[in-house]
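Architecture at a glance
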Amino acid sequence: MAKSNLFNTVAQKMLDAWIETDPAEPVEPLQVYAGVLDLLSIKMRLTVITVSGADPLEWHMTAVRHSGFTSSLFNVNKIFEDQRIGDFKDQTYMANAVIPRLKQVIENQQPSIELVKTQLFGINLGYDRILIPQRTTGRPQWVISSSYARFLLDTPKTYGKFDVDEEAVVQLLLEGCTAKEVAAQLGLANRTVEHRLDKLKTRFGARNLVHLVVMLLGGHLNREQV
């Protein structure tokens, strides 16, 4: 999966600024991220984690730039408001996706860039992330975290087993066929296919055909009999 060109630009600019800092004279995080603030897109977030003490739950997150990305699943900016890591509502997310990597970059004093695939409140999400620790001869006092949202998908659900007719329709939809093309491929009347699609949309809670296809492509099908 190719990373966003803009995210790469943001990450590289911060890395260049970070390399220019002198470990013997530690700087504030602003000196590293100042040059990218005007480049951050609607899907990017920039946060500074203040590292105070050995307990990660006492470390503090401060949002420098909130994401403009919105979702009906939850309020992303509200969830990631300024707070102690220990006060974050989903501690499983922190324990799995955040704290281990923060500890690593602090210990190694080297940046980390990766595609993160995890869950937040049971919602599947993925984002590119760069973590940049303060350059210092001692222990870093802060880490910059910048992320670029990739996907946000609702919790997988069980919809039961498809019958033969549904399997055929679903397969053709996933291959990119329109409703008319599905009808032609299966030798059915357009109205028959539309009726089957309406049943599938109702079953999945999809608002329209595009929404249905997105749900199917999202890998949220459990084909085991409920």
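Residues numbered from 1 in each chain as written. Predicted model: local features only at pLDDT ≥ 70, side-chain atom pairs only at ≥ 80, totals over all residues. Heavy atoms only, no water.

A packed helix pair is summarised by two numbers, namely the angle formed by the two axes and the spacing between the axes. In the contact formed by helix α6 (residues 179-186) and helix α7 (residues 190-204), the axes pass within 9 Å of each other and the chain directions differ by 115 degrees. Crossing geometry of α6 relative to α7 is assigned as right-handed. Together, A179, K180, V182 and A183 of α6 and N190, V193 and L197 of α7 make up the contact between the two elements. Residues that form the contact of α6 with α7 fall into these classes: 5 nonpolar, 1 polar and 1 charged. (Axes fitted to C-alpha atoms, helices over the stretch in contact; angles between N-to-C directions. Helix = DSSP H or I, 4+ residues; strand = E, 2+ residues; numbered from the N terminus. Left-handed = near helix turned anticlockwise from the far one by under 90°. Contact = heavy atoms within 4.5 Å. Nonpolar A, V, L, I, M, F, W, Y, C, P; charged D, E, K, R; others polar.)

Attention now moves to the pairing of strand β1 (residues 44-50). Burial analysis of β1 places 6 of its 7 residues in the buried class, which makes it a mostly covered element. As paired elements, β1 and strand β2 (residues 60-65) share 5 bridges and run antiparallel to each other. Across the sheet, the residue bridging to V48 is T62, located in β2. (Buried < 20%, exposed > 50% of the residue type's maximum accessible area, 1.4 Å probe, protein only. Pairing = 2+ DSSP bridges.)

Attention shifts here to the nonpolar core. In this structure, I85, F88, Y93, M94 and L102 are the most contacted members of the largest nonpolar core, which totals 23 residues. Broken down by secondary-structure element, the contributors of at least two residues to this core are α3 (76-79), α4 (91-108), β4 (112-120) and β5 (123-133). If one sorts the elements of this core by residue count, α4 sits on top with 8 residues. Each residue touching L102, except ones within four places of it in the same chain, is listed here: I49, W59, I85, L131 and V143. Counting 18 residues, the second largest nonpolar core, distinct from the first, contains W18, L46, I130 and I144. (Core = buried A, V, L, I, M, F, W, Y, C linked by side-chain atoms within 4.5 Å.)

What follows covers the packing of helix α5 (residues 164-174) against α7. Taken N-terminus to C-terminus, the directions of α5 and α7 make an angle of 85 degrees; their axes are 11 Å apart at the nearest point. By the criterion of interaxial angle, the relationship of α5 to α7 is roughly perpendicular. The residues of α7 that touch α5, namely those facing D165, E166, V169, V170 and L173, are R196, L197, L200 and R203. Along the lines of polarity and charge, the residues of the contact of α5 with α7 split into 5 nonpolar, no polar and 4 charged. (Parallel < 35°, antiparallel > 145°, perpendicular 65-115°, else oblique.)

A few words now on the packing of aromatic side chains. Using the criterion set out here, one finds 4 aromatic pairs in the structure. With a centroid separation of 5.2 Å and 50 degrees between ring planes, the pair formed by F80 and F88 is classed as tilted. Taken individually, F80 and F88 each receive the classification buried, so the pair is uniform in this respect. Relative to Y93, the ring of F80 has its centre 6.1 Å away and its plane inclined at 85 degrees; by these criteria the two rings are edge-to-face. Taken as a pair, F80 in the loop between α3 and β3 (83-84) and Y93 in helix α4 lie far apart in primary sequence, 13 residues in all. The buried category is assigned to F80, whose relative accessible area is 16%. With relative accessibility at 4%, the residue Y93 sits in the buried group. In this structure an aromatic cluster arises from ring pairing among F80, F88 and Y93. Cation over ring: R135 sits above W18, and NZ or CZ is 5.2 Å from the ring centre. (Phe/Tyr/Trp six-rings, centres within 6.5 Å; stacked < 30°, edge-to-face > 60°. Lys NZ or Arg CZ within 6 Å of the ring centre and 35° of its normal.)

In short, geometric facts, not functional conclusions.
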